[in-house]
Structures are given as C-alpha cells and as structure tokens.
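Each chain, written out:
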Amino acid sequence: MHKPTAGWHADTIAIHGGDAPQDPHGALVAPLYQTSTFVFDSTHQGGQRFAGEEAGYIYSRLGNPTVNQLEQRIAELEGMQAGAAAATGMGAVAATMMAFLQQGDHVVASDAIYGCSFALFDHLFRRFGVDVSFVDMSDLEQTKAAFRDNTQLVFLETPANPHLKLVDIAAVSKLAHQHKARLVVDNTFMTPLLQRPGEFGADLVVHSATKYLNGHGDVVAGLVTGRSEDIELIKFTTLKDMGATMSPHDAWLILRGLKTLPVRMQRHCENALAVVAFLQEMQQAGMISRLYFPGVNQDEQSHESDLLQTQMKAAGAVIAFDMTGGFRAATRLLDQLSMIKLAVSLGDAESLIQHPASMTHSPLTPEARAAAGIGDGLVRLSVGLEHADDIITDLRQAFTSLKNSAENTAVNTD
Ligand SMILES: *Cc1c(COP(=O)(O)O)cnc(C)c1O
C-alpha cells in the first residue's frame, strides 16, 4: 500500500516517505527487518520469486523491506524515480559509476571532489582501462574541451570540498547530454533539502548518508537516486555483485535520522551564518587571510552568487578558512578548542573541525597540496547543532588565546 506523496512538502516526505513494511501490531515506527534471508512457503514460491514472477523478498543483499523503505524515501526527497542503498558513500559512488563503464570508456570529473572518489577514478578505473579527465568545472570552456567520443559519465560535487567552490549543474548537464553521457552529482554537502540536482538535469545523485542524512554520527552509509532503469542496473549488477549493500540496521537508523533532516538543516544553516559573521571579524582582525563559504567573496564570484540563488536554497554549513599564521596557527587554534570536536566527517549534531594539511590531505606532498590550493593554514569546520553562541564562544577563546601567545612570542623574541 503505497501512500500518495504528490504535493507533499519535503518536511513531510522526510517523515512519511517510502513504503513502510506492514506491521501486524500497528507499530508507529516501521519494524526493523534484521534478517539475512526470507522463508518461502513452497519450492514453487521460491522459483516464482527467483524468476521475478512473484513480488517478495529472497535474501537481504538483493532486497530488504527496511532498506527498501529508505531507498524510496530518499528518492522521493530528491524528486527521482528510485533509490539504491549502499554500505558506504564510496560504495554508492563505486557501484553507480561502474554500472555504466567498461574498458575503453572515458569519464570527465571535476578536479574538486572527495579524496576517495578521486582515488577510485584516478587509480582503480585506470587499472581497468577507463580513462578519466579531471577539469575545473567552474570553467565551462575547459569542461567542454574535455569531452571525447567515448565519454560515458560526468561526475561533479558542488559545493566542492574543501574550498566550497560552486559548479553550475544545469550547464554541465547540458554538455553531458549533448555528448550522450550521464551526469552524476555528489550531493552530500547540500542534501535534497538545499539542492535537488535532478531538477537541473543530473541523471544520478549520490550521497554519503554518513553525513547530514543520518546526521547523528553513528552510521557509515551511502545512497544513490535516479531513473528506475538506471537504479535497477546499479542494484542488480554492481551493488549486488560487489556486495556493497546497506545493512537493515543502518537503514533503520537513517530512516530515524531523516525525520529531523529538515529542522536540522535549517538550524545548521542558521548557525553557519552566525559563525561566518564571527570569522569575518577574525578576518578583519587579520587572523584569517581568506574565508571560503558560498556567497562570501561576492566581488570575485558573482557567478557563484547567481548559483546560490538559482540552484541552492542555502549555502550549507561547512566553512573553510586560511589562518594567516599558516600551519602553526591552524594547529594551535584547533588544539585550543574545547567544545568543538577535532575530527574529520561533517553533518553531525556536534561541530567538527579538521586541519587538511595534517589530516585528510597529509599524504600529499606540500607541493601537491599547494597545487590543489590546500594551504598549510587551511581549516575546515562543519557547524553543528549546538547553540550558535556556544560555538562562537569556543572559537573566540581559541582565537584570543592564539593572539595572546603570538603577542607573547613577539615580545619574547624582541
Ligand atoms: C564522506 C564523503 C564521501 C564518502 O562517503 P563515506 O560514507 O565515507 O564512504 C563521498 N563524498 C563526499 C562529498 C563526502 O563528504
């Protein structure tokens, strides 16, 4: 019994979306089907299920009622026909891309994407004979020039980690479709509440559900949505055969997390604007040399403010900034924080801060980091759901302490 969702707002779909498994006791919350396999009434029924002549479950890697409910809910939120759930965000990216690729194919990818997506394309794909061109997708001429006759897929992320640069999804999707290639968008940083890439022509939308969608820092998971036939292909070729499927328990937790996604995103975004205003003060005081957040550097990014208006509902809640004092200032600032947690990942209730040069991007040489624009003083902050004043108080005491120690050092060396 599928409920009609046409006309529902995202806030309602986040709570009621997806076909809930029937519960004989009328439980409010759909039961968790924590089972590996499903029992057939007869050999005839088993045969019919395998032949696809009777609807029903067989084995949880092929389908599970709890996982299916989540797949439908995320598809409804993204405004796409269908969804597939994966064990991790990378499982979703890998299963999506590999479902459409074979030896000799070509991929055009943004040069600003999640590190493991980059590694998957640049190392694994090349080993299997798939060539990849990485381009600056905010430059449409450069993007256009990268297409070849054998380009099958285009992959982008916007806002892009860690500089939060925006890409025009509609423009890139037009280029992709002119070349009969599918466009895949990683929408992790925005969620369907702030940006629905399908409305701008994306064929497939992938997520690390680990981040905002689950939102509580207790699950690693991935999701992909798209047209029914594309999702079927992903589910019943790569996802099923490579085995990166989601566990029912993780699906159940994400269904719970999704219920509060709309209210959480609203608070995340409000808090981020307050924190950006504080960081702008620190920029004026000379402690920050550059702030990265969609819409803040309007003079040089007028195209970005257009995209912020047309493509996104808000700028999100991940902020990056360069500390004027470089590596030493950035690490000292982070070590001084008390409430804000020093951790990678994003989108949790807790505010999380990290230093790419010593953490996520430490495997790169300083030269490679510089080429990628990842300075030694770069800091990335995922603004959480705490009271904005408390987040700012923690940041302020760390900046003050850093300033005092810098002044003391200056006095001492005089
Ligand atoms: C975290 C992340 C991923 C990978 O997701 P996992 O759940 O960690 O596998 C992919 N893309 C983006 C933008 C991410 O932030």
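For the structure itself, look to the data block above.
Just so you know, these numbers come straight off a predicted model, no measurement behind them.

Considering all chains together, one arrives at 7 aromatic pairs under this definition. Between Phe121 and Phe155 the ring centres are 5.0 Å apart and the planes differ by 85°, which places this aromatic pair in the edge-to-face class. Residue Phe121 is located in helix α5 (residues 115-127), and its partner Phe155 is located in strand β4 (residues 151-157); the two are separated by 34 residues in the primary sequence. Across the pair, exposure class does not vary: Phe121 and Phe155 are buried alike. Between Phe321 and Phe399 the ring centres are 6.4 Å apart and the planes differ by 40°, which places this aromatic pair in the tilted class. Here Phe321, found in strand β9 (residues 318-323), pairs with Phe399, found in helix α15 (residues 388-413); they are 78 residues apart in sequence, far enough to count as distant. Side by side, Phe321 and Phe399 carry an identical accessibility label, which is buried. Chaining the aromatic ring pairs together yields one cluster made of Phe121, Phe125 and Phe155.

Further remarks concern the pairing of strand β2 (residues 106-110). In terms of burial, β2 is a largely internal element, 5 of the 5 residues being buried. Here β2 shows no split at all, with His106, Val108 and Ser110 on one side and Val107 and Ala109 on the other all buried. Of the pairings in the sheet, the one linking β2 to strand β3 (residues 131-135) comprises 5 bridges and is parallel in character. When the bridges of β3 are listed, His106 appears paired with Asp131. Note that the unit made of β2, α5 and β3 has a crossover that is right-handed. Pairing of β2 with β4, which is carried by 4 bridges, proceeds in the parallel orientation. Its bridge partner lying in β4, Val108 is registered against Val154.

Cut-offs applied
- Within every chain, residues take consecutive numbers counted from 1 along the sequence as written.
- In keeping with the predicted nature of the model, local features appear solely for residues at pLDDT of at least 70, side-chain atom pairs appear and are counted solely at 80 or more, and the whole-chain, interface and lining totals rest on all residues.
- In computing side-chain properties, one takes all heavy atoms of the structure into account and sets aside hydrogens as well as water.
- By convention, a stacked pair of Phe, Tyr or Trp rings (six-membered ring in the case of Trp) has centres within 6.5 Å and planes under 30 degrees apart, an edge-to-face pair has planes over 60 apart, and any other such pair is tilted.
- Put simply, DSSP H or I for four residues or longer makes a helix, DSSP E for two residues or longer makes a strand, and each gets a number counted from the N terminus.
- Buried means the residue's accessible area, taken with a 1.4 Å probe over protein chains only, is under 20% of the maximum for its type, while exposed means over 50%, and partly exposed covers the values in between.
- For two strands to be treated as a pair, DSSP must find at least two bridges joining them.
- When the strands point away from the viewer, a crossover counts as right-handed if the route from the first strand across the helix to the second turns clockwise.

The values reported here are purely geometric and, on their own, carry no functional implication.
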